[in-house]
Every structure is written in structure tokens, then in C-alpha cells.
Amino acid sequence: MKTKIVYRLFLPIVSVLCPVLCHLASAGLPVIKGIYGSPKPFWDSGVVLSEQGVNAIFMRGQSIKPELYEKARADGLFVFAEFATLNGKNYVDKHPEAWAINELGEKVKFADWFMGVCPTEPGFRAYRMNGLRQLLKDYALDGVWMDYVHWHAQFEEPVPILPETCFCSHCLKTFSNDTGIQIPKGSTPQKAKWILSKHETAWRDWRCDVIVDWAVQMKAIIKELRPDALLGIYHCPWDDTEFDGARRRILGLDYDLLKEVADVFSPMVYHERMGREAAWVGENLNWFHDRLGIEADDWPKVWPIVQAANKRGILSPEEFEIVLRFGLSGESSGVMMFTSTAVAEEEKKTAVMKKVYTGR
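Rules used in this analysis
- Residues numbered from 1 in each chain as written.
- Predicted model: local features only at pLDDT ≥ 70, side-chain atom pairs only at ≥ 80, totals over all residues.
- Heavy atoms only, no water.
- Helix = DSSP H or I, 4+ residues; strand = E, 2+ residues; numbered from the N terminus.
- Rg over C-alpha atoms; globule rule 2.2 N^0.38 Å.
- Buried < 20%, exposed > 50% of the residue type's maximum accessible area, 1.4 Å probe, protein only.
- Contact = heavy atoms within 4.5 Å.
- Areas by Shrake-Rupley, 256 points an atom, 1.4 Å probe, with all protein chains shown as cover.
- Lys, Arg positive; Asp, Glu negative; His and termini not counted.
- Charge placed at Lys NZ, Arg CZ, Asp CG, Glu CD.
- Axes fitted to C-alpha atoms, helices over the stretch in contact; angles between N-to-C directions.
- Parallel < 35°, antiparallel > 145°, perpendicular 65-115°, else oblique.
- Nonpolar A, V, L, I, M, F, W, Y, C, P; charged D, E, K, R; others polar.
- Polar contact = N/O pair within 3.5 Å; in protein donor to acceptor, adjacent residues only side chain to side chain.
- pLDDT = per-residue confidence, 0-100.
- Salt bridge = Lys/Arg side-chain N within 4 Å of Asp/Glu carboxyl O.
- 1 Å grid on protein atoms, 1.4 Å probe; cavity = no way out; pocket = protein on both sides within 12 Å on 5 of 7 lines; lining within 4 Å.
- Points joined across faces, edges and corners; volume = space filled by probe spheres on them.
- Phe/Tyr/Trp six-rings, centres within 6.5 Å; stacked < 30°, edge-to-face > 60°.
- Lys NZ or Arg CZ within 6 Å of the ring centre and 35° of its normal.
- Core = buried A, V, L, I, M, F, W, Y, C linked by side-chain atoms within 4.5 Å.
- Pairing = 2+ DSSP bridges.

*Asks:* Teacher, can you tell me more about the overall build of the protein chain here?
*Replies:* Helix and strand counts for the protein chain come out as 14 helices and nine strands. In terms of C-alpha radius of gyration, the protein chain reaches 20 Å, essentially the compact-globule figure of 21 Å for 360 residues. Out of the 360 residues belonging to the protein chain, those deemed buried represent 56%. For the protein chain, restricting intrachain contacts to residue pairs at least 6 apart in sequence, the fraction spanning at least 24 positions comes to 75%. Summing over all exposed atoms, the protein chain offers an accessible surface of approximately 15,000 Å²; the carbon and sulfur share of this is 52%. Treating the 43 positive side-chain charges of the protein chain as one cloud and the 47 negative ones as another, the clouds have centres 5 Å apart.

The following block contains the structure:
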């Protein structure tokens, strides 16, 4: 069963989406060779990013300042902002009504380093959409990248944290209204058990629709305020089967729905951090391109973000080169690395970036 929310949401944007994509395609975007994080570490050491082959920066929207923005524009760089969509850190402490609730009726705990939020809580949604509007009014961005786009969980580790959420009153009421499924009276654990045993498919579908709804509304705001700007998504790179299908089942990420909204997918292929070999980056991206049926000239685009930082161990310059080249392989039309600081602070990694991005 597919819930009615998808059809209700997509109809208003169809007339906007197609001409926008046609306009962007005709604009002839170059291959994006980006950095994730502030360019300041490079600038402070006298590095001219254009001479390194860099043509784009991706950084936290809240970290963009007027002087940084102006300098990046003067250097001829595209400026893309990361937007912490469903990160509830700090917010839920002050607004407990937005705290995600698990199947036991308990507030979820911090997932190691990440704190999610209830995606249907109206106050949080308004807070985020207002923040997006302000960001777009402040800067003529080339695009906004949704980050933390999933229900409360943590996937960027070898052993992910995958709780069942969210069974708060907002979610239960919205699920019932959107699907027409009447939930019996009882405690939160009883309601959660009933839903997962009797209507699990509808529940999983609805949770995916909620994530798509966020993307649809954000896209509408972007097109209203910055018509030529892109909507990108940083997302979990798991295939359809990993962790018992947890990308869709727990995180709520349905590629078939999101590709109708996103202009760019940016799989977060952090191989070393996730306990994978470097070759997995290439394998994953090949699978992803095939899964979505995407070719380099098509929309949506694929611009993966690869790992440069030392996280669980030391990531050598040689390994960085391997994953950076994988990021630009196949049908990808762009790449970036996490993070700019990790590259700027190591001369050999800076040399690798220049070698790959300039071809010399």
C-alpha cells in the first residue's frame, strides 16, 4: 500500500520541476570538483583553489559569512550550502515535543554522536524552513544540500545504530490521517507493536513519504527564492539489501521517490570510517548509477563525497587518490571530499587533489 501523501505532494511541483531541470541542463554545468568545508585553511596557507582545479565549495550554511562568500565568488567558485535538515541536536533539549520516540514509548538516546528529531513535529519543521528561507535571502547560493536526511539513526559506522522510530503522538496521528488506518487505543508500545505487526508495509512506505515531503517543500522554497539553485542530498550509500534493507526500512530513504525531487545525489561513501575497503567506493557508485539508471548527462546528477580525513585510522594520500578517482568515475559528474581541513593540513593530500582535479 502506498500512502496518499506522495500523490498529494508531487502534483504542485510538476509544473516547476521540469522547466527548471531543462534550464539547468542547457546551462552546461562543468564537472564539479569540490571541497567540503571552509576554504579558509587553504586560503590561510596561500593556496589558490582554482589553481588546484577546485571549482566549488560545499560548507555548512551557518558557517557562511559575507566576506567568505564574496571571496569565494571572486575566486570563481560555485558556493553550495549544507543544510542540517533533521539534526535535532540542541533543539530537542529546549523543545521536548520534538524528541523522537521509539517502539517502547521512550525518548531515543543520542546515537553516539548524532541526535535526530521527530520529522513530523510542526514546530521543528517551521523552524527549519524559516532557517532555509533566511539562508537563501542572505546569499545567492548555487544550491542547498540536505544533510541528516533520515529518521533518527546513525549509519556512518561499521556497526550502525538503527532504532525503530518515531511513535510520538505527532507521528501516530499523521500516519493515521495520511493512510486512513485507525490505530487502536492503548499505550505507545501497544500501538507500535500493532502497527509493526499489522501494517508494517504501510508504515515503512509512509516514513519514506515523510522524508520526500521535506525534500519537496525545501525544493519549493529554493525555487521560489533562488530559481536557478540546485537541491542536493547527502545520503546513506547502502544498497537495497544491507542491514536487512535498513536504508529504506529504518532511515526512510527511497531512491525511487527522491530521484523525482533531487537535482543531485551525493552518496556519503566514507569507506574507512564505515569499515570498508577503498575499492568499495567504486563498487558502490557503480551499483548506485545502475540502480537509478543515471547517466552523466541525465538529471539527477551524482556527485559523491569521499573521505579524506583520518577517522578510525590513518587514511594515506595514496588511498585518498584512489577514492577521489573512484568518485569521478562512471556516471558521476562531480565529486567532493570530507573535509577541506583534512586535505589542507597535509601537503601530500593537497598534491593529490591538484593531480586528480587538474590532470597534472
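So that's the structure; there's more coming.
*Asks:* Would you take a moment to explain the packing of helix α6 (residues 169-179) against helix α8 (residues 200-225) for this structure?
*Replies:* When two helices pack together, you describe them by how their axes are tilted relative to each other and by the distance separating the axes. Following both chains from N to C, one finds α6 and α8 inclined at 105°, their axes separated by 11 Å at the closest point. The pairing of α6 with α8 is recorded here as roughly perpendicular in orientation. Where α6 abuts α8, its residues Cys171, Thr174, Phe175 and Asp178 lie against Ala202, Trp203 and Trp206. Within the contact of α6 with α8, the residues separate by chemical class into five nonpolar, one polar and one charged.

*Asks:* I keep staring at the side chain of aspartate 254 and nothing clicks. Help me out?
*Replies:* Take aspartate 254: it is sitting in the loop between α9 (242-249) and α10 (255-258). Under the relative-accessibility criterion, aspartate 254 is labelled buried at 7%. Looking at aspartate 254, its side chain comes within polar contact range of the side chain of arginine 248, at 2.9 Å. Once residues within four sequence positions are removed from consideration, aspartate 254 is found in contact with Cys208 and Arg248.

*Asks:* Would you take a moment to explain the confidence of the model for the protein chain for this structure?
*Replies:* Detailed reading of the predicted model is not advised wherever pLDDT is low. Counting all residues, the mean pLDDT for the protein chain is 92, and 92% of those residues have values of 70 or more. Predicted confidence for residues 1-26 stays below pLDDT 50, and this span has 45 contacts to residues more than four positions away or in other chains.

*Asks:* Would you explain the pattern of salt bridges in this entry?
*Replies:* Close approach of charged atoms allows side chains with opposite charge to pair. Within the structure shown, the criterion is met by 21 salt bridges. Each of the salt bridges in this network shares a partner with another, and the network as a whole consists of Asp240, Arg247, Asp256 and Arg291.

*Asks:* Just to check I follow, could you spell out the environment of aspartate 142 for this structure?
*Replies:* Note that aspartate 142 resides in the loop between α5 (122-138) and β4 (143-147). Sequence spacing of aspartate 142 and tyrosine 91 is 51 residues, and the spatial spacing of their C-alpha atoms is 28 Å. Leaving out residues up to four positions away in the same chain, aspartate 142 has contacts with Arg73, Leu77, Phe78, Val79, Phe80, Asp228, Ala229 and Leu230. A distance of 2.8 Å separates the side chain of aspartate 142 from the backbone nitrogen of valine 79, its partner in a polar contact.

*Asks:* Sorry, what's going on with the layout of surface pockets here?
*Replies:* Summary: where empty space remains is shown by rolling a probe the size of a single water molecule over the atoms. Its volume calculated, the largest pocket comes out at about 1,100 Å³. In terms of lining residues, the largest pocket is bounded by 43 residues, among which Gln62, Glu82, Ala84, Asn87 and Tyr148 are the most central. Elements supplying a minimum of two residues to the lining of the largest pocket: β3 (78-84), α4 (91-94), α5 and β5 (230-235). Residues of the lining of the largest pocket, tallied by class, amount to 22 nonpolar, eleven polar and ten charged.

*Asks:* I tried to follow the packing of aromatic side chains on my own but got confused; where do I start?
*Replies:* Two numbers describe a pair of aromatic rings. These are the distance of the centres and the angle of the planes. According to the stated counting rule, one finds 30 aromatic pairs in the structure shown. Relative to tryptophan 214, the ring of phenylalanine 124 has its centre 6.0 Å away and its plane inclined at 45°; by these criteria the two rings are tilted. Placement of phenylalanine 124 in helix α5 and of tryptophan 214 in helix α8 is noted, with a sequence separation of 90 residues between them. Assessed through its relative accessible area of 0%, phenylalanine 124 is described here as buried. Here the guanidinium or amino end of arginine 125 rests over the ring plane of tryptophan 214, the centre of that ring lying 5.1 Å away.

*Asks:* I keep staring at the side chain of glutamate 156 and nothing clicks. Help me out?
*Replies:* Here glutamate 156 shows up in the loop between β4 and α6. Here glutamate 156 is in contact with Trp113, Met268, Tyr270, Arg273 and Met274, once residues within four sequence places are set aside.

*Asks:* Can you help me understand the packing of helix α7 (residues 188-198) against α8 in this one?
*Replies:* Packing of α7 against α8 brings their axes to within 5 Å, and their N-to-C directions diverge by 100°. In terms of their interaxial angle, α7 and α8 are classed as roughly perpendicular. Here α7 contributes Ile195, Leu196 and Lys198 to the contact with α8, which in turn contributes Glu200, Trp203 and Arg204.

*Asks:* What is the right way to read the nonpolar core from this model?
*Replies:* It is characteristic of soluble globular proteins that their nonpolar side chains tend to be buried jointly. One finds Ile57, Phe58, Leu141, Trp145, Trp303, Phe320 and Met337 to be the most contacted residues of the largest nonpolar core, which totals 119 residues. Per-element tally for this core: the top contributor is α8, with 13 residues.

*Asks:* Can you help me understand the pairing of strand β9 (residues 334-338) in this one?
*Replies:* Side-chain direction in a regular strand flips from residue to residue, so the side chains alternate between the two faces of the sheet. Burial of β9 is extensive: five of the five residues sit out of reach of the surface. With burial as the criterion, each face of β9 is covered, one bearing Gly334, Met336 and Phe338 and the other bearing Val335 and Met337. Relative to β9, strand β1 (residues 32-36) runs parallel, the two being bridged by three bridges. Looking at β9, one finds that isoleucine 32 is bridged to glycine 334. Summarising the sheet, strand β8 (residues 305-307) and β9 pair through three bridges and their orientation is parallel. By the bridge assignment, glutamine 307 is partnered in β9 with phenylalanine 338.

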